[in-house]
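Spelled out from the first residue to the last, the chains are:
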Amino acid sequence: MRLSKKNKALKILFVAPEASPFVKVGGLGEVMYSLPKALREIGHDTRVMIPKYSSIDSAKFSMTMAKEGLLVPKGDVSAAPENDQMICNVKKFLDPDNGHAVTYLLENEEYYEQRGSVYGYDVDPTRWALLSRGALEFVRTNDEWRPDVIVASDWQGGLIPNYIKTVYKDDPILSKIATAFSIHNLYFQGMFDHRFTSEMDYDDGQSGIPPIGDPRMSKVNFMRRGIRYADVINTVSPNYAREITTPEYGELLENLLQWSRMRQTSYPFNPTVKNLSTLIEDNMAILLQTAGSKDIKLQYSVPENIDVFVDINMFQTIVRNLVSNAIKFTGTGQEVALIAQKLNENEATISVRDTGIGMPKEVLENLFMLNTISNRPGTEGEPSSGLGLIICKEFVEKHGGTLWAESEEGKGSLFSFTIPIHDTQKNKKK
């Protein structure tokens, strides 16, 4: 979604935990002031919604009541019984120094008045779930103004797209509102270290959202859910957008980000001539480290005289995903092998074989189907989004190739794909 003078004027609501001049802890607070202002200057109607912390000076910021007694359901049912709802107020501030820009402030005694700072509480996941659901309930019940787009920022806003696409998917008002999810720092995904999450605590991003106040909320990966369900994702810069789709900087979400990018836009495809052996070598350094951490023997055999015509980024993603998957589902002390060979004058075949746990027939049959994603943990509980193979299939087919799998439970798996060969001698004759 591109917002410019060429587009029609949009109504846009920014929802965030902080915004200048009310409260600012980091860069997000400044962005929540400057970005809505810049969009207003090119014709859009932008407004901001934040919690009304007790630290916000009500004498300095004179507010009016926009919604008194807003009932916010704790669970999945929008028409929840009264004892399953939280009571909030929404205050409204018109900034005389900023073109009378509108800011809404969500008021709740327990989570924002008694806890007056922005961050640092063990109930922060509940506070941000309340902000997300409270913003949506306000939009749903406020006839005065409704946005075309809601912009949620970082993990604190990740439940907004999730709520709209699941809990409110049949709501006649909210289901029509687009969501944009803005990533400023991918590292922070919730109230836990996402790199060391047990199989029991792992959040795949697809299960139901726990009720507000439920202890399970502390295990929810808000960032993953924002990425999975948002209509549009943006970041602080084009460079950061590229970085977070790589294993080095993707914080275990690189596959989900690549899948989201494919879903939203046409993925760039820029094939070029490259030596196959060199391409494989470029990927092996980090993969050998991963295999070594499980004492897995990783071998590869690639002829040196094969050139291929590939998009380098796509090809590297395919190889990394297939070999990483093989390592993930192979036990300590076992083997993984990559073998490449020339199939015919037009194609090469690359195969990745492991001696791991294999797959039952029902998993194998649905392996590349998006609506039946399998997110089985690895042999040491390694998390899996289940999207890596979907991405591999898309990228292989973009090159005109084919990806297939063979497997038997308890005996390992074999993944193979074809890739076009660049025949330099043939091109010279032409």
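Bear in mind that the values here come from a model prediction, so they are computed numbers and not experimental data. (Residues numbered from 1 in each chain as written. Predicted model: local features only at pLDDT ≥ 70, side-chain atom pairs only at ≥ 80, totals over all residues. Heavy atoms only, no water.)

## Here's the deal with the overall build of the chain
- Within the chain, the secondary structure is distributed over 12 helices and 15 strands.
- When its C-alpha atoms are laid out on the principal axes, the chain stretches across 75 × 50 × 35 Å.
- Among the 430 residues that make up the chain, the fraction classed as buried is 50%.
- Long-range contacts, defined as pairs at least 24 residues apart, comprise 71% of the intrachain contacts of the chain with a sequence gap of at least 6.
- Across the chain, 48 positive and 55 negative side-chain charges occur, with their mean positions spaced 6 Å apart. (Helix = DSSP H or I, 4+ residues; strand = E, 2+ residues; numbered from the N terminus. Buried < 20%, exposed > 50% of the residue type's maximum accessible area, 1.4 Å probe, protein only. Contact = heavy atoms within 4.5 Å. Lys, Arg positive; Asp, Glu negative; His and termini not counted. Charge placed at Lys NZ, Arg CZ, Asp CG, Glu CD.)

## What about the sheet that holds strand β5 (residues 101-107)?
- Taken together, eight strands build an open sheet; the order of strands is β3-β4-β5-β2-β1-β6-β7-β8 and the sheet is mixed. A single partner strand is all that each edge strand has here, and the edge strands are β3 (64-73) and β8 (232-235). For this sheet, the mean angle separating the axes of adjacent strands, direction not counted, is 25 degrees.
- Two strands pair when backbone bridges link them, and β3 and strand β4 (residues 85-95) are joined in this way by seven bridges, in the antiparallel orientation. The residue of β4 that forms the bridge with P73 is Q85. (Pairing = 2+ DSSP bridges. Axes fitted to C-alpha atoms, helices over the stretch in contact; angles between N-to-C directions.)

## A short note on helix α8 (residues 276-293)
- In a regular helix each residue adds 1.5 Å, so 18 residues correspond to 26 Å; α8 covers 26 Å between its end C-alpha atoms and thus fits that length.
- Along its length, α8 shows its largest kink, about 40 degrees, at M284.
- What α8 keeps buried is the set L276, S277, L279, I280, N283, M284, L287 and A291.
- Those residues of α8 hidden inside the fold are in contact with β9 (272-275), β10 (297-301), β11 (307-310), α9 (312-328), β12 (335-342) and β13 (347-354).
- Immediately beyond the C-terminal end of α8, within one or two residues, lies D295, with a positive phi of roughly 55 degrees. (Expected span 1.5 Å × (residues − 1). Bend = angle between axes of the 7 residues up to and from the residue.)

## Focus on α9
- For α9, built from 17 residues, the straight-helix expectation of 24 Å at 1.5 Å per residue is met to within 8% by its first-to-last C-alpha distance of 24 Å.
- When you tally the buried positions in α9, you get 14 out of 17 residues, the bulk of the element.
- A side-chain oxygen of the first residue of α9 lies 3.1 Å from the backbone nitrogen of N313; this N-cap is D311. (Polar contact = N/O pair within 3.5 Å; in protein donor to acceptor, adjacent residues only side chain to side chain.)

## Focus on the nonpolar core
- The biggest cluster of nonpolar side chains holds 117 residues, and the ones touching the most others in it are I183, I227, F315 and F417.
- Those residues in contact with F315 that sit more than four places away from it in its chain are L276, L279, I280, V310, I350, F417 and I419. (Core = buried A, V, L, I, M, F, W, Y, C linked by side-chain atoms within 4.5 Å.)

## Looking at the packing of α8 against α9
- At a minimum axis distance of 10 Å, the contact between α8 and α9 shows a crossing angle of 35 degrees. As for the relative orientation of α8 and α9, their crossing is right-handed in sense. For the pair α8 and α9, the contacting residues are L276, L279, I280, D282, N283, L287, T290 and A291 in the first and I312, F315, Q316, V319, R320, V323, S324 and I327 in the second.
- Taken together, the residues of the contact of α8 with α9 break down into 10 nonpolar, four polar and two charged. (Left-handed = near helix turned anticlockwise from the far one by under 90°. Nonpolar A, V, L, I, M, F, W, Y, C, P; charged D, E, K, R; others polar.)

## Things to note about the pattern of salt bridges
- If you walk through the whole model with that rule in mind, you get 16 salt bridges.
- Ionic pairing is found between E107 and K52, a salt bridge with its closest N-O pair at 3.9 Å. Taken as a pair, E107 in strand β5 and K52 in the loop between β2 (45-51) and β3 lie far apart in primary sequence, 55 residues in all.
- Assessed through its relative accessible area of 14%, E107 is described here as buried.
- Residue K52 is classed as buried on the basis of its relative accessible area, which comes to 6%.
- Between E408 and K411 there is a salt bridge whose closest N-O contact spans 3.5 Å. (Salt bridge = Lys/Arg side-chain N within 4 Å of Asp/Glu carboxyl O.)

## Description of the environment of D124
- Tracing the sequence through the fold places D124 in helix α3 (residues 124-141).
- Counting along the chain gives 101 residues from D124 to R225, while the straight-line C-alpha distance between them is 17 Å.
- Not counting residues up to four positions away in its chain, the partners in contact with D124 are V118, Y119 and M191.

## A word on the sheet that holds strand β15 (residues 412-420)
- The five strands lie next to each other as β10-β12-β13-β15-β14, forming an open sheet whose pairing is mixed. Two strands lie at the open edges of the sheet, namely β10 and β14 (403-408), each paired on one side alone. With direction set aside, neighbouring strand axes in the sheet form an average angle of 10 degrees.
- Looking at chain direction, β14 and β15 are connected through six bridges and run antiparallel. Pairing of S407 across the sheet is with S413, part of β15.
- Relative to the sheet, α9 contacts β10, β12, β13, β14 and β15, its axis offset from that of β15 by approximately 170 degrees.
- Contacting β14 and β15, helix α11 (residues 388-398) crosses the sheet at an angle of about 140 degrees to β14.

## Section: the packing of aromatic side chains
- Using the criterion set out here, one finds nine aromatic pairs in the structure.
- With 6.0 Å between their ring centres and 65 degrees between their planes, Y119 and W128 make a pair best called edge-to-face.
- Accessibility expressed as a relative area gives 0% for W128, which makes it buried.
- Through pairs of rings, three or more aromatic residues link up here, namely F22, F61 and F93.
- R228 extends its terminal NZ or CZ atom over the ring of W259, reaching a point 5.9 Å from the ring centre. (Phe/Tyr/Trp six-rings, centres within 6.5 Å; stacked < 30°, edge-to-face > 60°. Lys NZ or Arg CZ within 6 Å of the ring centre and 35° of its normal.)

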